Amino acid sequence: MAPHYRHTQRGWVALVAVVPGLLLALAFVPLAHAPVGVTIAIAAVALVGALFATLTVEVDARQVRVSFTGGVVRRTVELQDVREHRSVRNPWYYGWGIHRYPGGGWLWNVAGPDAVELVLRDGRRWRIGTDEPEALARAISAAAPGSLPGPARARAGEPARSGLRWASVAVVLVLVLGTGAFLATLFSRQMRDPVVTVTPTTLKIETPFYGQDYALAEATSLSLEPTLPCVERRTNGFAGAGVLRGWFDVRGLGHGKLFVDTAQPPFVLLRLRDGFVLVGFSDPATTRALHAELLRARPDLQP
């Protein structure tokens, strides 16, 4: 029976580094109204995360086949072209993904320091990241008797296994703590009252991601609402601890923007020719002052 080996390793580095960023984007970034550059950046992060989520290695009687998630990026080496193979450990700074490493070879890796290095008959080198290097090396030895199994060792100057593990843990902790701190900072900023400026022609609202300028000439009515109308659905916005920022569907009003704390009435409702905007502050007196200021800019909106 022909030898056969197949193993898939999960890319925990990509998951830890990318997933929080995507969750952040989905929670805070208004994708439907984001600048093209922001949309492209988010799409690129999602693509990288998906691409390096897994690495599958397969060995049969003729070939070593390696592919990232979905098989979009793959490579195949004929076993007859493998002169030598051995298990190795990479320094933490070799990282993950696909790139060259010192010594003139290519590394394919999704997580961890362990790999199996193939030395081809033309002198090229290829390191395949894996969390079971001994099993992969044995599979290649069984399938390619002509390949010399080199000694399992770390390259000169590489840290010991325990050192690499601690370095990997440190990197993950930095990523997690850094992402957590960034999320906490952004959440805190979203929870603050919006910065609102009224000019004779414009209502300007500033808040992370969702700020917008409204031409007062587009206003059709103005009112001070004692209660918040029923919010039916968030379409592209932030909602946390009763604070709403961004695009929502509101019963009786349709699709528009909210900058309110649901627990702090009243709320300024400015209807526009196309949509509406609802604004409220943590201090009710500030909300009433905004209503009065808008009436001074557009006295014809007096009910």
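This text goes with the structure placed above it.
Residues numbered from 1 in each chain as written. Predicted model: local features only at pLDDT ≥ 70, side-chain atom pairs only at ≥ 80, totals over all residues. Heavy atoms only, no water.

**Considerations on the overall build of the chain**
Step number 1: For the chain, the helix and strand inventory stands at 5 helices and 19 strands.
Step number 2: Here the contacts in the chain between residues at least 6 apart in sequence split such that 56% fall between residues at least 24 apart.
Step number 3: Carbon and sulfur atoms form 60% of the exposed surface of the chain, whose accessible area is close to 15200 Å². (Helix = DSSP H or I, 4+ residues; strand = E, 2+ residues; numbered from the N terminus. Contact = heavy atoms within 4.5 Å. Areas by Shrake-Rupley, 256 points an atom, 1.4 Å probe, with all protein chains shown as cover.)

**Some remarks on unusual backbone geometry**
Step number 1: Cis geometry is found at the peptide bond from P265 to P266, where omega equals 0°.
Step number 2: Take P266: it is sitting in the loop between strand 17 (254-261) and strand 18 (267-272).
Step number 3: Backbone geometry at F209 places phi at a positive 75°, although glycine is not the residue there.
Step number 4: Positionally, F209 belongs in the loop between strand 12 (202-206) and strand 13 (212-215).
Step number 5: In the Ramachandran plot, A241 falls in the positive-phi region, its phi being about 55° despite a non-glycine side chain.

**Description of the sheet that holds strand 11 (residues 195-198)**
Step number 1: Taking strand neighbours across the sheet as the criterion, the 3 strands line up as 11-12-13 in an open arrangement whose pairing is antiparallel. Only two strands of the sheet have a single partner each, and these edge strands are strand 11 and strand 13. Each strand of the sheet is rotated relative to its neighbour by a mean of 10°, with strand direction disregarded.
Step number 2: The pairing of strand 12 with strand 13 spans 4 bridges and is antiparallel. Its bridge partner lying in strand 13, L203 is registered against Y214.
Step number 3: In this fold helix 5 (residues 284-297) packs onto strand 11 and strand 12, with an angle of close to 25° to the strand it touches most, strand 11. (Pairing = 2+ DSSP bridges. Axes fitted to C-alpha atoms, helices over the stretch in contact; angles between N-to-C directions.)

**Quick word on the pairing of strand 6 (residues 97-101)**
Step number 1: Here strand 6 runs beside strand 7 (residues 105-109); their pairing, made up of 5 bridges, is antiparallel. Bridge pairing in strand 7 links H99 to L107.
Step number 2: The loop that links strand 6 with its antiparallel partner strand 7 comprises 3 residues; one of these, G103, has a positive phi angle of about 110°.

**Comments concerning the packing of aromatic side chains**
Step number 1: Tallied over the full model, the rule gives 4 aromatic pairs.
Step number 2: Consider the rings of F209 and Y210, whose centres lie 6.3 Å apart with planes at 75°: the pair is edge-to-face.
Step number 3: A network of ring pairs unites the aromatic residues F68, W108 and W126 as a single cluster.
Step number 4: Here R75 stacks its cationic end above the ring of W126, 4.4 Å away from the centre of that ring.
Step number 5: The lysine or arginine in question, R127, covers the ring of Y101, its NZ or CZ lying 4.7 Å from the ring centre. (Phe/Tyr/Trp six-rings, centres within 6.5 Å; stacked < 30°, edge-to-face > 60°. Lys NZ or Arg CZ within 6 Å of the ring centre and 35° of its normal.)

**Overview of the side chain of Q63**
Step number 1: Locating Q63 in the fold gives a position in strand 3 (residues 63-68).
Step number 2: Q63 sits in the buried class, given a relative accessible area of 12%.
Step number 3: Of the polar contacts made by the side chain of Q63, one reaches the side chain of R65; its length is 2.9 Å.
Step number 4: Ignoring anything within four residues of it in the chain, the contact list for Q63 reads E58, T76, V77, E78 and L79. (Buried < 20%, exposed > 50% of the residue type's maximum accessible area, 1.4 Å probe, protein only. Polar contact = N/O pair within 3.5 Å; in protein donor to acceptor, adjacent residues only side chain to side chain.)

**Some details on the pairing of strand 19 (residues 275-279)**
Step number 1: Among the 5 residues that make up strand 19, 4 are buried, leaving the element largely enclosed by the rest of the structure.
Step number 2: Bridge count between strand 17 and strand 19: 3 bridges; the pairing is parallel. Pairing of F259 across the sheet is with V279, part of strand 19.

**Looking at the environment of R75**
Step number 1: Relative to the assigned elements, R75 resides in strand 4 (residues 74-78).
Step number 2: Through-space distance from the C-alpha of R75 to that of R65 is 5.9 Å; in sequence the pair is 10 residues apart.
Step number 3: In this view, R75 contacts V64, R65, V66, W108, L120, R124 and W126; residues no more than four positions away in its chain are not counted.

**Points about the environment of L258**
Step number 1: Looking at where L258 falls in the secondary structure, it is placed in strand 17.
Step number 2: Given the relative accessible area of 0%, L258 is considered buried.
Step number 3: Counting along the chain gives 12 residues from L258 to G246, while the straight-line C-alpha distance between them is 5.5 Å.
Step number 4: In this structure L258 touches V231, L244, R245, G246, F248, V250, F276 and L278, once residues within four positions along its chain are discounted.

**Describing the sheet that holds strand 1 (residues 5-10)**
Step number 1: Across the sheet, which stays open at both edges, the 4 strands sit in the order 1-2-3-4 with antiparallel pairing between neighbours. Only two strands of the sheet have a single neighbouring strand rather than two, namely strand 1 and strand 4. For this sheet, the mean inter-axis angle between neighbouring strands, taken without regard to orientation, is 10°.
Step number 2: As defined by bridge partners, strand 1 adjoins strand 2 (residues 54-59) across 6 bridges and the pair is classed as antiparallel. The partner of T8 across the bridge, within strand 2, is T56.
Step number 3: Against the sheet, helix 3 (residues 133-143) makes contact with strand 1, strand 2 and strand 3, and its axis sits at roughly 30° relative to strand 2, the strand it touches most.

By themselves these figures say nothing about function.
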